[in-house]
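An overview of the molecular structure
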Amino acid sequence: MKNFDTLIVISVALYKIIIIFQKRHILPKSSTFIDFFHIAKQRLAKDGVFLQWLQLYELSPKNIHAILRTFQSVFPEVVVFSPNPTSNDTLLLGSRKPITFNKQRLAAALTDKRFGDELARAEVHEPEDLFGLFVSGGEKLVRRIGPGPLNTDDNAMIEFGAPQDLLEYSQKDARLPFVDQIAGRRIDELPEFFAQFDFDSPSTLARGAERLLRQGRRLDTQSFLSRAESSQVETSSTSAASLKKTKAILDWFEGAFDQTVVLDLPETRNSLRYAKVLRRLVNGEEEKALELADFPDGFEKMGPAHRFLYAYLCLLDQRITDAAFLIDEVLDNQDFVDSFPEVLY
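Residues numbered from 1 in each chain as written. Predicted model: local features only at pLDDT ≥ 70, side-chain atom pairs only at ≥ 80, totals over all residues. Heavy atoms only, no water.

**Description of helix H17 (residues 320–332)**
Compared with an ideal rise of 1.5 Å per residue, which puts 13 residues at 18 Å, H17 spans 18 Å between its outermost C-alpha atoms and is within 8% of the ideal. Every buried residue belonging to H17 is among Ala-323, Leu-326, Ile-327 and Val-330, and all of these are buried. One side of H17 holds all its buried residues, which, seen down the axis, span an arc of 95°. Turned more than 90 degrees away from the buried face of H17 sit Thr-321, Phe-325 and Asp-332, all of them exposed. In this structure, the buried side of H17 is in contact with helix H16 (304–316) and helix H18 (334–339). (Helix = DSSP H or I, 4+ residues; strand = E, 2+ residues; numbered from the N terminus. Expected span 1.5 Å × (residues − 1). Buried < 20%, exposed > 50% of the residue type's maximum accessible area, 1.4 Å probe, protein only. Arc of directions from axis to C-beta. Contact = heavy atoms within 4.5 Å.)

**Digging into the packing of aromatic side chains**
As enumerated under the stated definition, the model contains 22 aromatic pairs in all. Ring geometry for Phe-37 against Phe-50: centres 6.1 Å apart, planes inclined by 70°, an arrangement best described as edge-to-face. Residue Phe-37 is found in helix H2 (residues 34–42), and its partner Phe-50 is found in strand E2 (residues 44–55); the two are separated by 13 residues along the sequence. Seen from their ring centres, Phe-37 and Phe-71 are 5.2 Å apart, and the 85° between their planes marks the pair as edge-to-face. Within this pair, whereas Phe-37 is found in helix H2, its partner Phe-71 is found in helix H3 (residues 61–74), the two being separated by 34 residues in sequence. This pair shows no difference in class: Phe-37 is buried, exactly as Phe-71 is. Three or more aromatic residues joined by ring pairs form one cluster here, namely Phe-81, Phe-101, Phe-131, Phe-134, Phe-193, Phe-194, Phe-197, Phe-199 and Phe-224. (Phe/Tyr/Trp six-rings, centres within 6.5 Å; stacked < 30°, edge-to-face > 60°.)

**Focus on the pattern of salt bridges**
What the rule picks out here adds up to 21 salt bridges. Where Glu-118 meets Arg-121, a salt bridge forms, and the shortest distance between an N and an O atom there is 2.9 Å. Highlighted residues: Glu-118 and Arg-121, both in helix H5 (residues 113–121), separated by three residues, approximately one helical turn. Of the residues examined, Glu-118 reaches a relative accessible area of 47% and is grouped as partly exposed. On the basis of relative accessibility, which here comes to 67%, the residue Arg-121 falls in the exposed class. A salt bridge links Glu-168 to Lys-172, with the shortest nitrogen-to-oxygen separation between them at 2.8 Å. Linked by salt bridges that have partners in common, Glu-126, Arg-207, Glu-210 and Arg-214 make up one network. (Salt bridge = Lys/Arg side-chain N within 4 Å of Asp/Glu carboxyl O.)

**Some details on the environment of Glu-234**
Its location among the elements puts Glu-234 in the loop between helix H11 (218–230) and helix H12 (237–254). The exposed category is assigned to Glu-234, whose relative accessible area is 75%. The sequence separation of Glu-234 and Ile-187 amounts to 47 residues, and the corresponding C-alpha distance is 20 Å.

**Considering a nonpolar patch on the surface**
Together, Tyr-312, Leu-315, Leu-316 and Ile-320 make up a nonpolar patch on the protein surface, roughly 350 Å² of accessible area in all. Here the nonpolar patch takes three residues from H16, the largest share from any one element. Within the secondary structure, Leu-316 sits in helix H16. Classification of Leu-316 as partly exposed rests on a relative accessible area of 38%. (Patch = residues over 30% accessible without salt bridge, like charges linked within 9 Å, V, L, I, M, F, W, Y side chains within 5 Å. Areas by Shrake-Rupley, 256 points an atom, 1.4 Å probe, with all protein chains shown as cover.)

**Some words on the packing of H11 against H12**
Across the interface, H11 lies against H12 with an axial gap of 11 Å and an inter-helix angle of 140°. The orientation of H11 relative to H12 falls into the category oblique. Along this stretch, H11 crosses H12, giving a crossing that reads as left-handed. Counting all contacts with H11, which are made through Arg-218, Thr-221, Gln-222, Leu-225, Ala-228 and Glu-229, the residues of H12 involved are Leu-243, Thr-246, Lys-247, Leu-250, Phe-253 and Glu-254. (Axes fitted to C-alpha atoms, helices over the stretch in contact; angles between N-to-C directions. Parallel < 35°, antiparallel > 145°, perpendicular 65-115°, else oblique. Left-handed = near helix turned anticlockwise from the far one by under 90°.)

The structure is reproduced here in structure tokens:
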């Protein structure tokens, strides 16, 4: 909505949720001024939540911290999330009341097609997928940002400072303690914000470890596995199997993966085309193998093993978008993943 800053000033309504998405903070009248945050807070209902998008690219650590510090100076309760594990954007949530994420409500939202489809775009399929998107919050966020200036109408430090940041930070990423220091520490910080999750339960730890590993959060995966190993709570056979599988995959990441993955299925045994593609790959003829998979169309539709092989060939050829598209459907096939957990690696 255009001129939302004007609308929110003249409005007398109270809102349960206010979301601000302003592309790039180098624009005039940035929505990161302290006065704007105060006005937005006044327009929130008692238990309302304000969400502000914040980029972590093309800005200096000083200015990123200033925006966060300004936001936190207005809202008593703040939690920061990442939209997805590889994003260099953040979502700042501010409220008067503590912000917590209820397990049952998250599960219900994921089963509701309206919300579930949108969350799937952010690769959130299970409540535990939010663990790896959590960045910081509360007093730990205050300490990690540290003291310093606020972004006010008087100094307009972001409006004037952000264009200068482009000269340096268009070529490199800012090093940010509040982002870097959460790695491996999520297990200790999540309980404050995630209600009804028992972080001493082997089932929660097993599920969390698996979802974190899928997101590439290896240090956090290890911390979940370590707590599961030291847990005094009885572990079910299902959780034990999940923990064992996740640990094996993590070990492959930590060392050299030297196992041969043989997808011995009726799908592969009875496919001459699969055999031809695989033979080219084994003989070191990756380009020829990819050509055979590319033409004629439909190789990936012949089954998950075909799709997995096709994804791997695309990856070798640096066709990253194609590889990601192909592997996503493979990973959604739980029976195939359970039979060949190596595909997660």
